[in-house]
Amino acid sequence: TPYHKKALLLISLFVCFIANASTDSGVYEATEYGEVVYLIELNKNGTATLKDLRNKNTMHTTYNIDGNIQPGESCIIEFYHNGRTYRGRWMWAIEDGKAISLDGMFFKRVGYSRYNR
């Protein structure tokens, strides 16, 4: 049916997009007054989990990093959820390692996932 053909086309375009996207993996935490309040978990397959630990909200998204970076560089990272795009900066500080700046929050990479997915 025409509906199924459109659905298959959209799914294949999405898979191609994710397959060609730059990704990373790891957990990034934002702290306030020494307490972890938000986290972003990036997965190599192009999916991410954003958690607001204070309000116990979790958002499952896909994401894309606009190119590969080396120490001392930064680029755009975009998260996609329910038709909306959330844009931030993915950076790699020479001494402090990788970080994400998103919606006024600074997320420092703390390693690989130690949280439930």
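Just above sits the structure.
Predicted, not measured: the structure shown is a model, and the values here were computed from it.

Thresholds applied
- Residues numbered from 1 in each chain as written.
- Predicted model: local features only at pLDDT ≥ 70, side-chain atom pairs only at ≥ 80, totals over all residues.
- Heavy atoms only, no water.
- Helix = DSSP H or I, 4+ residues; strand = E, 2+ residues; numbered from the N terminus.
- Buried < 20%, exposed > 50% of the residue type's maximum accessible area, 1.4 Å probe, protein only.
- Polar contact = N/O pair within 3.5 Å; in protein donor to acceptor, adjacent residues only side chain to side chain.
- Contact = heavy atoms within 4.5 Å.
- Phe/Tyr/Trp six-rings, centres within 6.5 Å; stacked < 30°, edge-to-face > 60°.
- Core = buried A, V, L, I, M, F, W, Y, C linked by side-chain atoms within 4.5 Å.

Mapping D24 onto the fold places it in the loop between helix 1 (2-20) and strand 1 (26-32). With a relative accessible area of 6%, D24 lands in the buried category. Side chain to side chain, D24 and R109 meet in a polar contact 3.5 Å long. Beyond its immediate sequence surroundings of up to four residues, D24 is in contact with L42, N43, K44, Y63, I65, W90, K98 and R109.

What follows covers the packing of aromatic side chains. Think of a pair of aromatic rings as described by two things: how far the centres are apart, and how the planes are tilted against each other in angle. Following the criterion strictly, the structure yields one aromatic pair and no others. Ring plane angle 35 degrees and centroid distance 6.1 Å describe the contact between Y63 and F79, whose orientation is recorded as tilted. One end of the pair, Y63, is in strand 4 (residues 57-65); the other, F79, is in strand 5 (residues 74-81), and 16 residues separate them in sequence. Accessibility classification places Y63 together with F79 in one group, the buried group.

Moving on: the nonpolar core. In terms of nonpolar packing, the biggest core is built from 19 residues, with I40, L42, F79 and I100 touching the most fellow members. When residues of this core are traced back to their parent elements, those giving at least two are strand 1, strand 2 (35-42), strand 3 (47-52), strand 4, strand 5, strand 6 (84-93), strand 7 (97-102) and strand 8 (105-111). Apart from residues lying up to four places away in sequence, L42 is in contact with D24, S25, G26, Y28, T47, A48, Y63, I77, F79 and I100.

With that out of the way, let us pick up the environment of V36. Along the chain, V36 falls in strand 2. Along the backbone, V36 and F107 are 71 residues apart, and their C-alpha atoms lie at a distance of 9.9 Å. Not counting the four nearest positions on each side in its chain, V36 is found in contact with E29, A30, T31 and L53.

Purely spatial values, then, with no claim about function.
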